[in-house]
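Residues per chain are reported as follows:
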Amino acid sequence: MAPRVQLEKAAWRWVETVKPEDIKLEHIELAYRIRLPACKRGTCRRNCKGNPNCLVGIGEHAWLGEIDENAFHNIDDPNSERRDKNTFVGLTNLGATCYVNTFLQVWFHNLELRRSLYQCHNSRAQEHNIKSDKLTPQSICEHLQYLFALLQNSNRKYIDPSGLVKALGLDTGQQQDAQEFSKLFLSLLEDTLSKQKNPSLQNVIQQQFCGQFSYVTMCNQCGRSSALPSRFYELELNIQGHKNITECVTEFLKEEKLEGDNRYFCECCQSKQNATRRIRLHSLPPTLNLQLMRFVFDRQTGHKKKLNTFISFPEQLDMGPFLEGKQDQKCVYELSAVLIHRGISAYSGHYIAHVKDARTGDWYKFNDEEIEKMEGKKLQLGIEEDIGESLKSQTRKPKCSKGYHCSRNAYMLVYKVQEEESLDPSRTNVEVPAFLQRLVDQDNHKFEEWCNEMADMRKQSVDKGKAKHEEVKELYELLPARDGEQYEFIPLDWLKKWLDDSTATKEIDCSLFLCSHGKLHPDKVGDSKRVSLQAAQLLYERYGGGPRLDASSLCRECVGQRCRVLRLKNQLNEDFKEVSNLVKRTLSGEGYWVGKASLRSWRQLALEQLEEDEHETKHSNEFGPELSEGTEEEMKTFNEDIVCSHGGLSILETERKLVSSDVWTKLREYFPKAPEFTENQEPCQQCLTLEQEEKDNEAVSKMMALDQKNQLLNLFHEKNRPTLTKWPQGTDVLYIVPLFFVDEWRKFIRRPTKSSPVSNVGNTLLLCPHGGFMFTYDSLINGDAQHVALLWPNEWDVISRLFIVDQPISLHCFRQTTPTGSTTQYTTQPGKNLCWECRESFLFQQQRDLREYTQATIYIRKVIEDKRMVKEAAPELNASSSEAEEDKDEHPKMDGEKDPDFNGAKRLKLSDSSTPSTAAVPVTNVTKLGGIRRSTRHRKLRGEKALIVSANQTLKELKIQIMHAFSVAPFDQNLSIDGKSLTDDLATLGSLGVIPESIICLKADEPIADYAAMDDVYQVRMPEEGFKGEHSTGLLQYL
């Protein structure tokens, strides 16, 4: 079958010769590909999505033919989890707990320890009712009792030791020191058993594992010897440089010379003397644990390492030659367990145990869940000697004599004293107490219930699969729709899920396949399959769903619309040439108004419109009718550029062009919904009225601005302004208004048609909530004057006439002449005393704003080589003092946007956290002695750059900004402010005293060669290996 794109083109090839009004049933069936031949099995490698009659490759191959019933389920046989007869129970590895499992298996096979543990008092388990909820062990002893009982009589192949591991507080994801774990656990168990009331249990650990030796020290001077007795639970044998256990034990017991700084203090000689020290074995336990010190500390690396040395050990070990005294005790031991560590590292690897069954004498390998019985009665280490990773130089395994074994991975050997064979079965049989057996029976009952449940689930899956098999074989033969028979469309995805046994079959949903007319969309036919009416009837009866799509669901409207669109797309280029020629001709007859922008791009708009028309119903059913309507309203169409906001013809004649009726007729074919305006159409009357009103308002604003400017000419040009540093002659009073009012008024005067006129002075901005004036004469002298503007009395009279004054504020000067001299006092009106509480709060808020700012501007000024500041250079042409920049800043601003001309626009409410933070503007820029107020804006100099920063930003982050601005690496930057160096990279700018409008001086060290590569370096969070060098080291500290 041809590819899907070719089938799509073939389905609509007939539109080249058929007009939309001439469409017949045969054309509709061609569009829906009703007559395409069905594919046969074996001809298609995968399903032909473009062919609704292809029913091959939809998942039917899994059901046709005979099927093994195991294919109907993915449930393992629960009996695979069942313990085999005459085998032991394994332990689950919880992540990295294989070392725990090995010791548990070794201790479980110590019959004396197991028997004693069962005898421990457990009142909770003994009083537990089997019919009540399952008893949860709490103490370590209870966990170990329950675990050993399960290992002995559980029906499971392996059990979960997580209860004991959790009680011990072990990290299941981290492998601990196995030898250290053995010591600590035995010590813990000894302490637990020592608290038992039964005297025979209190010393079980000592009786089983504890031996005695003494450290004997002999003075070389006087020959006096002293012995320090000690107990041991295991012998720690050094294996480095040795080949067998005998050599290791001999070294353990050999004499040690105490000389030099290590001399021994002899109590007889009353001085330090050379001496010898050795270990003397007095008694050995029934169970002898030999720890082979494979894991040693490497002084060169500072870490532990594993010694992969081969050590030979016998199946029978005679400790008689090493024992001193007590000749009557048994000294011959038989090997009962070997603990293995596979791996070359001391920090990883896998632990397994070879344990001898005390009852039968058979050897077993315990590897977590897996347990393997060794052939015969001999220990077979096998692949346990493969370290797991290839070594550069592997030592060849030495030959072992009969009765000996060699291992490079054994780290602990367990020997049991050899005893005479006894016919008494009680010595090898350990019975589980009744109270523990009840718990085991309860767990076995749950296991059997789980097995039965899994078996039932398997059976249900098989029965369901067989029924589905019969259903598919029956229905698949009925699916193909033959010519002349009735048919329906079924979604392809639903058919695939129906044939996929891993997913539940839902009801048939055809709602996504509907067009805007409620019928089958032509584009969706490739995602559906045409099936026989009989098959569809059976499917809907069994699974339900809808809406059902039969032969009456073929949409004539969608086919007609697609036909029109495809025909127009084919003739678009020819029509474009024709329209271009017609537009150039002289207009004759009735004309139509067309937007010039629309006319220039009508071909692109037509192509976009056709594509939208082609897919206008594709997603209508997915998003709903409301969204579709909203999208259509927002869509820009042809000729909308000459439609005013009232829906009428635009009054701007320069944006439209008159075209002939022939041109308009041709354009209407592509844009049937475009707005139509004839030559005689009147422009929008509302727009004409508004235009006239706007012109009148602009004229009034210009006249108002000119009148106000003439009356306050000096205030507008900032000429002859009064100052407080030297009180002006000829007046005893000056008036105060907010600087914001003056700045807004100047904006209106400069651009009366673009700015709104000012109506209110707004002096309440300068009052505290209690009605007092926020400032004093002294505070105004010391910097607060940046918030206000001073007016002459005659200027105040003009302002009082032109604007609404909510509260007059004035500053008065009183001069008195006394015999001692003349004095001057300054007062403010309103006369209410200054609210000191508000004043202090204002100062606090002012200081806090200097330390808690965001998105503030600071300036970085670079120091040149001769150590002179760039400030000596002339200001840049776009300095903020120029009229050009002032005009540029006069553009209207959005609500809430800060105006750089005003540093106190908000009400100076002392308790309000929104107090302006612009008090940081340097006071020296506010007033000059010459009497002319200068701009409070920073005068940006050549070589100086502005950066946007926040108070909580660190100095390190600022240096990165400076690097991008000046191409100076952070480690080459020397920054200072007011002569103070900035060196703490982790400190915030607020804590370093950097405030808005601050000037930071930058002095650069010798630059590196390639600054272009610096930005790439900053994208690297971790240095690559071999990335070295003086500058690279300094740079990486900023990452």
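Read on for an overview of the structure.

About the cut-offs
- Residues take numbers from 1 onward in each chain, read along the sequence in its written order.
- The predicted origin of the model limits local features to residues at a pLDDT of at least 70 and limits the giving and counting of side-chain atom pairs to 80 or more, whereas totals for whole chains, interfaces and linings rest on all residues.
- Side-chain measures here rest on the full set of heavy atoms in the structure, leaving out hydrogens and waters.
- Whenever Lys or Arg places a side-chain nitrogen within 4 Å of a carboxyl oxygen from Asp or Glu, that contact is recorded as a salt bridge.
- Note on exposure labels: buried denotes an accessible area under 20% of the residue type's maximum, exposed denotes more than 50%, and partly exposed covers the range between, all computed with a 1.4 Å probe on protein chains only.
- Segments assigned H or I by DSSP are reported as helices when at least four residues long, segments assigned E as strands when at least two residues long, and all are numbered from the N terminus.
- Joining through side-chain atoms within 4.5 Å is the link that ties buried Ala, Val, Leu, Ile, Met, Phe, Trp, Tyr and Cys residues into a set, and such a set is a nonpolar core.
- Two residues form a contact once any of their heavy atoms are found within 4.5 Å.
- Counting rule for disulfides: a pair of cysteine sulfur atoms within 2.5 Å.
- Each polar contact in these results corresponds to two N or O atoms within 3.5 Å; when the atoms are within protein, one needs to be able to donate a hydrogen and the other to accept it, and residues that are neighboring in sequence are counted only if both atoms are side-chain atoms.
- In summary, the pairing rule links any two rings of Phe, Tyr or Trp, Trp by its six-membered ring, whose centres are within 6.5 Å, and it sorts them by plane angle into stacked for under 30 degrees, edge-to-face for over 60 and tilted for everything else.
- Pairing between two strands is assigned when DSSP locates at least 2 bridges connecting them.
- Helix span, as expected, comes to 1.5 Å for every residue beyond the first.
- For helices, the axis comes from a line fit to the C-alpha atoms of the stretch in contact; other axes are also lines fit to C-alpha atoms, and the angle between any two N-to-C directions lies between 0 and 180 degrees.
- The scheme is simple: roughly parallel for angles under 35 degrees, roughly antiparallel for over 145, roughly perpendicular for 65 to 115, oblique for anything else.
- For any pair of crossing helices, the crossing counts as left-handed if the nearer helix is rotated counterclockwise from the farther one by less than a right angle, and right-handed if it is rotated clockwise.
- Under this grouping Gly is polar, as are all residues other than the nonpolar Ala, Val, Leu, Ile, Met, Phe, Trp, Tyr, Cys and Pro and the charged Asp, Glu, Lys and Arg.

1. Concerning the pattern of salt bridges
Oppositely charged side chains may form a pair once their charged atoms are brought near each other. This structure, assessed with the given rule, holds 22 salt bridges. Arg 35 is paired through a salt bridge with Glu 29; the nearest N and O atoms lie 3.1 Å apart. Judged by its relative accessible area of 51%, Arg 35 is exposed. Using a relative accessible area of 14% as the deciding quantity, one classes Glu 29 as buried. Across the pair Asp 362 and Lys 373 runs a salt bridge whose closest N-O atoms are separated by 3.4 Å. Of this pair, Asp 362 sits in the loop between β16 (350-356) and β17 (363-367) while Lys 373 sits in strand β18 (residues 370-373), placing them eleven residues apart in sequence. On the basis of relative accessible area, Asp 362 is assigned to the buried category, the value being 7%. Look at Lys 373 and you get partly exposed, because its relative accessible area is 46%.

2. A look at the nonpolar core
Within soluble globular proteins, side chains that are nonpolar tend to cluster in buried spots. With 55 residues, the main nonpolar core has Trp 107 and Leu 339 as its most contacted residues. Looking at which element gives the most residues to this core, the answer is helix α6 (residues 140-153), with nine residues. The residues touching Trp 107, leaving out its near neighbours within four places in the chain, are Leu 113, Phe 148, Phe 181, Ser 182, Phe 185, Leu 186 and Phe 209.

3. Regarding helix α3 (residues 98-108)
Note that an α-helix has 3.6 residues per turn; residues three or four places apart therefore point the same way. Most of α3 is tucked away, with eleven of its eleven residues classed as buried. Considered for burial, the residues of α3 that qualify are Cys 98, Tyr 99, Val 100, Asn 101, Thr 102, Phe 103, Leu 104, Gln 105, Val 106, Trp 107 and Phe 108.

4. Looking at the state of the cysteines
Tallied over the full model, the rule gives zero disulfides. We note that Cys 687 lacks a disulfide partner, and the nearest cysteine sulfur, in Cys 644, lies 3.7 Å from it.

5. Brief notes about the side chain of Thr 731
Relative to the helices and strands, Thr 731 is located in the loop between α22 (713-717) and β28 (733-738). Only 2.9 Å separates the side chain of Thr 731 from the backbone oxygen of Val 733, close enough to count as a polar contact. Look past the residues within four positions of Thr 731 in its chain and what remains in contact with it is Trp 792 and Pro 793.

6. Notes on the packing of aromatic side chains
We describe a pair of aromatic rings using the distance from one ring centre to the other and the angle between the two ring planes. Enumeration according to the criterion identifies 31 aromatic pairs in this entry. Taking 5.5 Å as the distance between ring centres and 45 degrees as the angle between the ring planes, the aromatic pair formed by Trp 727 and Tyr 826 counts as tilted. You can see Trp 727 sitting in the loop between α22 and β28 and its partner Tyr 826 sitting in strand β31 (residues 821-829), a full 99 residues away along the chain. Residue classification places Trp 727 among the buried positions, given a relative accessible area of 7%.

7. Observations concerning the pairing of β28
Counted residue by residue, β28 has six buried out of six residues, so it is predominantly covered. On β28, burial covers both faces: Val 733, Tyr 735 and Val 737 on one face and Leu 734, Ile 736 and Pro 738 on the other are all buried. Judged from the three bridges that link them, β28 and strand β30 (residues 810-818) form a sheet pairing that is antiparallel. Its bridge partner being in β30, Leu 734 is matched across the sheet by Leu 811. With four bridges connecting them, β28 and strand β29 (residues 788-791) associate as antiparallel partners. By the bridge assignment for β29, Ile 736 is matched with Leu 790.

8. Some thoughts on α6
An ideal rise of 1.5 Å per residue puts 20 Å on 14 residues; α6 measures up with 20 Å between its terminal C-alpha atoms. Of all 14 residues that make up α6, 13 are buried, and the element is covered over most of its length.

9. Here's the deal with the packing of helix α4 (residues 111-118) against α6
Where α4 meets α6, the closest approach of the two axes is 10 Å, and the angle between their N-to-C directions is 120 degrees. When the axes of α4 and α6 are compared, the pair comes out oblique. Where α4 crosses over α6, the handedness of that crossing is left-handed. Residue-level inspection shows Arg 114, Leu 117 and Tyr 118 of α4 in contact with α6, the latter providing Cys 141, Leu 144, Gln 145, Phe 148, Ala 149 and Gln 152. The class makeup of the residues in the contact of α4 with α6 is six nonpolar, two polar and one charged.

10. Concerning unusual backbone geometry
Residue Pro 547 follows Gly 546 across a cis peptide bond; omega there is -10 degrees. Along the chain, Pro 547 falls in the loop between β24 (545-546) and β25 (549-550). A positive phi angle, close to 55 degrees, is found at Asp 368, a residue other than glycine. By secondary structure assignment, the location of Asp 368 is in the loop between β17 and β18. The backbone of Asn 720 sits at a positive phi, close to 55 degrees, despite the residue not being glycine. As for its placement among the helices and strands, Asn 720 is situated in the loop between α22 and β28. Given the relative accessible area of 51%, Asn 720 is considered exposed.

11. Section: the sheet that holds β31
Spatially, four strands are ordered β29-β28-β30-β31 in an open sheet, and the strand pairing comes out antiparallel. Here the strands that pair on one side only, and so sit at the sheet edges, are β29 and β31. Strand-to-strand twist in this sheet, taken as the mean axis angle between neighbours without regard to direction, amounts to 25 degrees. One ladder, built from nine bridges, connects β30 with β31; its direction is antiparallel. Within β31, the residue paired with Thr 817 across the bridge is Ser 822. Lying on the sheet, helix α23 (residues 739-750) is in contact with β28 and β29; it crosses β28 at an angle near 70 degrees.

12. Digging into the packing of α3 against helix α8 (residues 178-193)
The contact between α3 and α8 brings their axes to 10 Å, and the two run at 50 degrees. The pairing of α3 with α8 is recorded here as oblique in orientation. The interaxial crossing formed by α3 with α8 has right-handed handedness. Here α3 contributes Tyr 99, Val 100, Phe 103 and Trp 107 to the contact with α8, which in turn contributes Ala 178, Phe 181, Ser 182, Phe 185 and Leu 186. Looking at the contact of α3 with α8 residue by residue, the class counts come to eight nonpolar, one polar and no charged.

13. What to know about the sheet that holds strand β9 (residues 275-283)
Sheet strands pair by backbone hydrogen bonding; their relative direction is either parallel or antiparallel. In space, the four strands of this open sheet follow the order β4-β3-β9-β6, with antiparallel pairing throughout. Bordering the open sheet on either side are β4 (225-232) and β6 (256-258), each of which pairs with just one other strand. Here the strands of the sheet are splayed against their neighbours by 30 degrees on average, with no regard to which way each runs. In terms of strand pairing, strand β3 (residues 211-219) meets β9 through eight bridges, oriented antiparallel. Within the sheet, the bridge partner assigned to Tyr 215 lies in β9 and is Ile 279.

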